[in-house]
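Per-entry structural report
Single-letter residue listing:
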Amino acid sequence: MPEISIITPVYQAEKFLKKCVDSILSQSFTDWELLLVDDGSTDKSSEICRTYAEQDARIRYHQKENGGVSSARNAGVALAEGRYITFVDSDDFAAEDLLETLYRLAEKYDAEMSICRGYDLYEGRPVPDLKQEGIESVTDSEEGLRRVMKARVFGVMPWGKLYRREIFEGVVYPEKTIAEDAYVIVPLMEHCRKVAFSTAQKYYYVHRRESLTTSGFRWSDLGSVEVWDHNRSVVEERHPALKKEAGVRCCWARFFVLDKLMLLETMDAEKKALAKRLAKELKKHPLLVLEGDHFTNGRKIAYLTLFLGTGIYRQCVRTLFRKRNL
């Protein structure tokens, strides 16, 4: 029985899968299994997965019909045999001490979840060496949820986290939606007594031109708004102390969609109506956006221009987007 099960959903990943798997093979912590869950790839991903599985007994290959990343993660969790579970996406890669850092944190503090930071790596830019020490801390689950919802240092993404396998009992990633990681973070945190953190960056989160997070507007992006509205209702009922953080994340989700609309060259009537609705909803919550450090100064300035009209806001968003300050 391995200590850690690493789950990597794979779909059309032939261009970057080797770098991902090689980073796992290079881990300083070696008591792991890697579950390569092929979500119906039609490129050479399947061949690459099989080759690695033949070369290293710790690597298991599972092929399934295409169902999306949530379906692949759920399949991986069901197959996992380790005491702990972690996720490494096929288009990202890990620092050599990612597993060692997360495992040491979890064991040191007897925590059901341990979390480190990621490094935002934009395609074509140099790859820094993430050999660094971080500041450690441990909290209860509610404070842990506050930190990841605040998203100034730690986020809700599944990567960069180590989970005791049992906290996934009864928790599944929702299929056919984006922001699936946001949907499960609340119940996963609620299953924890302790959450351990390190500010060290140990995961390379790669922003690719064709990736979902950098793509243009899609109607499915509204899933982010729906998920955070759902989370807000859950949090307000069960964790009233986190009401503000939940409200901030609902604003964030609307900014996420509205900004993608603003970056379109043209909008039809339906998209214009959506932009108008999102702007109206955001303008109802100035204190959530402007107070505190939940949003950057660039975001706050852009928000203020929204009261002058979406045309001015659009120009501001485009300028800030180019500078990557949002």
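In the block above lies the structure referred to throughout.
The structure contained in this document is the topic of the report that follows.

Analysis parameters
Residues numbered from 1 in each chain as written. Predicted model: local features only at pLDDT ≥ 70, side-chain atom pairs only at ≥ 80, totals over all residues. Heavy atoms only, no water. Helix = DSSP H or I, 4+ residues; strand = E, 2+ residues; numbered from the N terminus. Rg over C-alpha atoms; globule rule 2.2 N^0.38 Å. Contact = heavy atoms within 4.5 Å. Areas by Shrake-Rupley, 256 points an atom, 1.4 Å probe, with all protein chains shown as cover. Buried < 20%, exposed > 50% of the residue type's maximum accessible area, 1.4 Å probe, protein only. Arc of directions from axis to C-beta. Lys, Arg positive; Asp, Glu negative; His and termini not counted. Salt bridge = Lys/Arg side-chain N within 4 Å of Asp/Glu carboxyl O. Polar contact = N/O pair within 3.5 Å; in protein donor to acceptor, adjacent residues only side chain to side chain. Core = buried A, V, L, I, M, F, W, Y, C linked by side-chain atoms within 4.5 Å. Pairing = 2+ DSSP bridges. Right-handed = clockwise from strand over helix to strand, strands pointing away. Axes fitted to C-alpha atoms, helices over the stretch in contact; angles between N-to-C directions. Parallel < 35°, antiparallel > 145°, perpendicular 65-115°, else oblique. Nonpolar A, V, L, I, M, F, W, Y, C, P; charged D, E, K, R; others polar.

**Focus on the overall build of the protein chain**
What the protein chain contains, in helices and strands, is 12 helices and nine strands. For a compact globule of 326 residues, the expected C-alpha radius of gyration is about 20 Å, and the protein chain comes in at 20 Å, within 12% of that figure. Counting only C-alpha atoms and orienting by the principal axes, one finds that the protein chain spans roughly 60 × 45 × 35 Å. Partitioning the intrachain contacts of the protein chain with sequence separation of at least 6 by distance along the chain shows that 79% fall at a separation of at least 24. Within the structure as shown, the protein chain displays about 15,300 Å² of accessible surface, and the carbon and sulfur contribution to it stands at 50%.

**Examining helix H6 (residues 180-190)**
Among the 11 residues of H6, eight are classified as buried, and the element is accordingly described as predominantly covered. Within H6, the full set of buried residues consists of Glu-180, Asp-181, Ala-182, Val-184, Ile-185, Val-186, Leu-188 and Met-189. Turning to H6, the residues buried within the fold contact helix H3 (69-79), strand E6 (113-122), helix H5 (141-150), strand E8 (161-164), strand E9 (195-207) and helix H7 (222-238).

**Observations concerning H5**
The α-helix winds at 3.6 residues per turn, so residues separated by three or four positions along the chain end up facing the same way. Residues Ser-141, Gly-144, Leu-145, Val-148 and Met-149 constitute the buried set of H5. Down the axis, H5 shows its buried residues gathered within 130° of arc, on one side only. Downstream of H5 by a residue or two, Ala-151 has a phi angle that is positive, lying close to 60°.

**Topic: the side chain of Lys-161**
The topology assignment puts Lys-161 in strand E8. Of the side chains with opposite charge, Asp-181 lies nearest to the buried Lys-161, which makes no salt bridge, at 7.5 Å. Reaching out from Lys-161, the side chain makes a polar contact with the backbone oxygen of Gly-155 at a distance of 2.7 Å. Among the polar contacts made by the side chain of Lys-161, one reaches the main-chain carbonyl oxygen of Met-157 at a distance of 2.5 Å.

**Side note on the pattern of salt bridges**
Using the criterion set out here, one finds 28 salt bridges in the structure. Ionic pairing is found between Glu-112 and Arg-193, a salt bridge with its closest N-O pair at 2.8 Å. Linking Glu-112 in the loop between helix H4 (98-109) and E6 with Arg-193 in the loop between H6 and E9, this pair joins segments that are 81 residues apart in sequence. Glu-112 sits in the buried class, given a relative accessible area of 7%.

**Overview of the nonpolar core**
Met-113 and Phe-168 are the most contacted members of the largest nonpolar core, which totals 65 residues. The greatest single-element share of this core, amounting to 10 residues, is contributed by helix H8 (residues 243-262). Once you skip the residues sitting within four places of it in the chain, Phe-168 turns out to touch Val-77, Ile-85, Phe-87, Tyr-163, Tyr-173 and Leu-188. Listed in part, the 30 residues of the second largest apolar core include Phe-16, Trp-32, Leu-102 and Ala-106.

**Details of the pairing of strand E1 (residues 4-10)**
Most of E1 is tucked away: seven of the seven residues are buried. Of the two faces of E1, the one lined by Ile-4, Ile-6, Thr-8 and Val-10 and the one lined by Ser-5, Ile-7 and Pro-9 are each fully buried. For E1 and strand E2 (residues 32-39), the ladder comprises seven bridges, and the chain directions are parallel. Residue pairing in the sheet places Ile-4 in a bridge with Trp-32 of E2. Once the chain exits E1 it traverses helix H1 (residues 17-25) before rejoining the sheet at E2, and the crossover so formed is right-handed. Sheet topology places E1 next to strand E4 (residues 84-87); four bridges connect them, and they run parallel. Within E4, the position partnered with Ser-5 by the bridge is Ile-85.

**Focus on the packing of H6 against H7**
Where H6 contacts H7, the axes come no closer than 8 Å and their chain directions differ by 25°. For the element pair H6 / H7, the angle class is roughly parallel. In this structure, H6 uses Ala-182, Tyr-183, Val-186 and Glu-190 to contact H7, whose residues at the interface are Val-227, Trp-228, His-230, Asn-231, Val-234, Val-235 and Arg-238. Among the residues making up the contact of H6 with H7, the classes are represented as seven nonpolar, two polar and two charged.

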